[in-house]
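Chain residues, written in single-letter form:
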Amino acid sequence: MKIKIKDAAYEEVLAQPVERHRSPVRPLWIFRLLLKLLSMPDLRATNFTCRKTGMERLGRREPCLILMNHSSFIDLKIAASILYPRPFNIVCTSDGFVGKNWLMRAVGCIPTKKFITDMTLVRDMLHALKKENSSVLMFPEASYSFDGTATPLPDSMGKCLKILGVPVIMIRTYGAFARDPLYNNLKLRRVDVSADAEYLLSPEEIWEKSAEELNEILQKQFSFDNFRWQQENNIRVAEAFRADCLNRVLYKCSHCGTEGKMLGEGTKLSCGECGKRYELTEYGYMEAVDGETEFRHIPDWYCWERESVRKELENGTYCLDVPVTICMMVNSKCIYRVGSGRLVHTAEGFHLTGCDGRLDYAQKPGASYSLYSDYYWYEVGDMICIGNGDVLYYCFPGEGADVVAKTRLAAEELYKMTCRRRRERRG
């Protein structure tokens, strides 16, 4: 999938009119049927099956909140198949509306800005549930997983469930990540896909529990490890390109500690500094070609990278400073490419400058619990997005700069450190 991009001057973009807010509409039956029909080829190709637990508790016309883990683009197709003919609105990223606003709204999509406080989102969800009598599908992780494990959930989810006051359904997928991991440049593997659909919480159960208790339930539901699932179920991924671009995730050599010199190509991951090579086996393990295997499990390697970033933040040595191509989003007409600049990320937060000194944007580390970052974003390139409710800045690092994963890890760890300091000051 691609996105509409237009070159424009920075001042011209800032002068663009702001779009007025529009409440979500209940998707017409023809769009629900069309979405189901368009989903069928991929689901057939993956021998899709679904196991349902307690779904008989949900009334046929009763609106509900559907929460789903986010592994790849097939997730929406799975939901369209499982939920049909139930009408449902879809909470999705605002850049998905670019160039196709009318269609996205007609299908029932509700726009939101990822990892940015959006005061209107809950109101829009309430409108869909209460006024339109339509269910709402939400991916609370907000972004695809990099390493196949769950990404952080917002602390506000428990409060959100209590405000909405409707049944909660959980859809958990299996095989979707193994078929199409984000790092692999949209190359599909031959893997069967399945899902569990479970009636998770009734309105009465939500009312009885505190927001903190609800958050604990959701944390357990969104605790998974796709590589572990592949290994335990002997799922074979035989494609010769399975390690292509794996360096996006495993950017730091576990042998010599060098960053930015890893190369994922074919079935191998190698370090350009020390020469150490690893193979990603057909069953999802990392094996050193020669010598010791430091981490057989990719999420363990990724966790080690996170710990390394945390140490850099604690000792004051962490710093991202890269040249970037800058795009902006101020409305759904298109994404505007405004020029080049530099993106700096330190313990003080983000600082983006560019457009010959006319652009100067700073974002504090407490602004969000995670970071909107992506690989091969709309087939444009690896991307880091920062911004606020008025404008989003899409930053594309220079060729070969594997900084996206590390920057997300740093943003998440900085947020935790900021929250911990706030609690200490209050206590």
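Just above, that's the structure.
Everything numeric here is computed off the predicted structure, so don't read it as measured data.

Thresholds, definitions, all that
Residues numbered from 1 in each chain as written. Predicted model: local features only at pLDDT ≥ 70, side-chain atom pairs only at ≥ 80, totals over all residues. Heavy atoms only, no water. 1 Å grid on protein atoms, 1.4 Å probe; cavity = no way out; pocket = protein on both sides within 12 Å on 5 of 7 lines; lining within 4 Å. Points joined across faces, edges and corners; volume = space filled by probe spheres on them. Helix = DSSP H or I, 4+ residues; strand = E, 2+ residues; numbered from the N terminus. Nonpolar A, V, L, I, M, F, W, Y, C, P; charged D, E, K, R; others polar. Pairing = 2+ DSSP bridges. Axes fitted to C-alpha atoms, helices over the stretch in contact; angles between N-to-C directions. Contact = heavy atoms within 4.5 Å. Core = buried A, V, L, I, M, F, W, Y, C linked by side-chain atoms within 4.5 Å. Buried < 20%, exposed > 50% of the residue type's maximum accessible area, 1.4 Å probe, protein only.

As a further point, take empty space enclosed by the protein. Applying the stated rule across the entire model yields four cavities of 30 Å³ or more. Considering only enclosed or pocket space, the largest cavity measures out at about 90 Å³ in volume. Forming the boundary of the largest cavity are 14 residues, of which Arg189, Phe227, Gln230, Val237 and Leu280 lie nearest the centre. Elements represented by at least two residues in the lining of the largest cavity include exactly helix H7 (176-179) and helix H10 (226-232). Considering each element in turn, the lining of the largest cavity owes the most residues, three residues, to H10. Grouping the amino acids of the lining of the largest cavity by side-chain chemistry returns seven nonpolar, four polar and three charged. Looking at the second largest cavity, its volume works out to about 60 Å³. Around the second largest cavity, the lining residues are Pro27, Phe31, Arg32, Leu35, Ala80, Tyr84, Pro85, Arg86, Phe88 and Val107. Per-element accounting of the lining of the second largest cavity gives the leading share, three residues, to helix H2 (residues 29-45). Here the lining of the second largest cavity is built from residues that sort into eight nonpolar, no polar and two charged.

Adjacent strands of a sheet form backbone hydrogen bonds with each other and so pair up, either parallel or antiparallel. Within the open sheet, the seven strands sit side by side as S2-S8-S7-S3-S6-S4-S5. Their pairing is mixed. One side of each edge strand has no neighbouring strand; the edge strands of this open sheet are strand S2 (49-53) and strand S5 (109-112). Sheet twist, expressed as the mean angle between neighbouring strand axes with direction ignored, is 25 degrees. Here four bridges tie strand S4 (residues 88-93) to S5, and the two strands are oriented parallel to one another. Among the inter-strand pairings, Cys92 is bridged to a residue of S5, identified as Pro111. Set on the sheet, helix H9 (residues 211-221) makes contact with strand S3 (65-68), strand S7 (168-174) and strand S8 (194-201); between it and S8 the angle comes to about 170 degrees.

What follows concerns the sheet that holds strand S9 (residues 262-265). Taken in spatial order, the four strands of this open sheet run S9-S10-S11-S12, and their pairing is antiparallel. Two strands lie at the open edges of the sheet, namely S9 and strand S12 (286-288), each paired on one side alone. Strand-to-strand twist of the sheet, defined as the mean angle between neighbouring strand axes without regard to direction, takes the value 25 degrees. Where S9 meets strand S10 (residues 268-271), four bridges bridge the pair, whose relative direction is antiparallel. From the neighbouring strand, Gly264 faces S10, where its bridge partner is Leu269.

One finds Leu246, Met286, Leu343, Leu352, Trp377, Tyr393 and Tyr394 to be the most contacted residues of the largest nonpolar core, which totals 77 residues. Ranked by residues supplied to this core, first place goes to helix H12 (residues 404-426) with nine residues. Sequence-distant contacts of Leu343, that is, excluding residues within four places in its chain, are made with Leu320, Asp321, Val322, Val324, Phe350, His351, Leu352, Ile384, Ile386 and Cys395.

Each pocket or cavity is described by its volume, and for the second largest pocket that value is around 700 Å³. For the lining of the second largest pocket, the secondary-structure elements that each account for two or more residues are helix H1 (10-14), helix H4 (101-107), S5 and helix H5 (119-131). In terms of residue class, the lining of the second largest pocket is built from eleven nonpolar, ten polar and eight charged.

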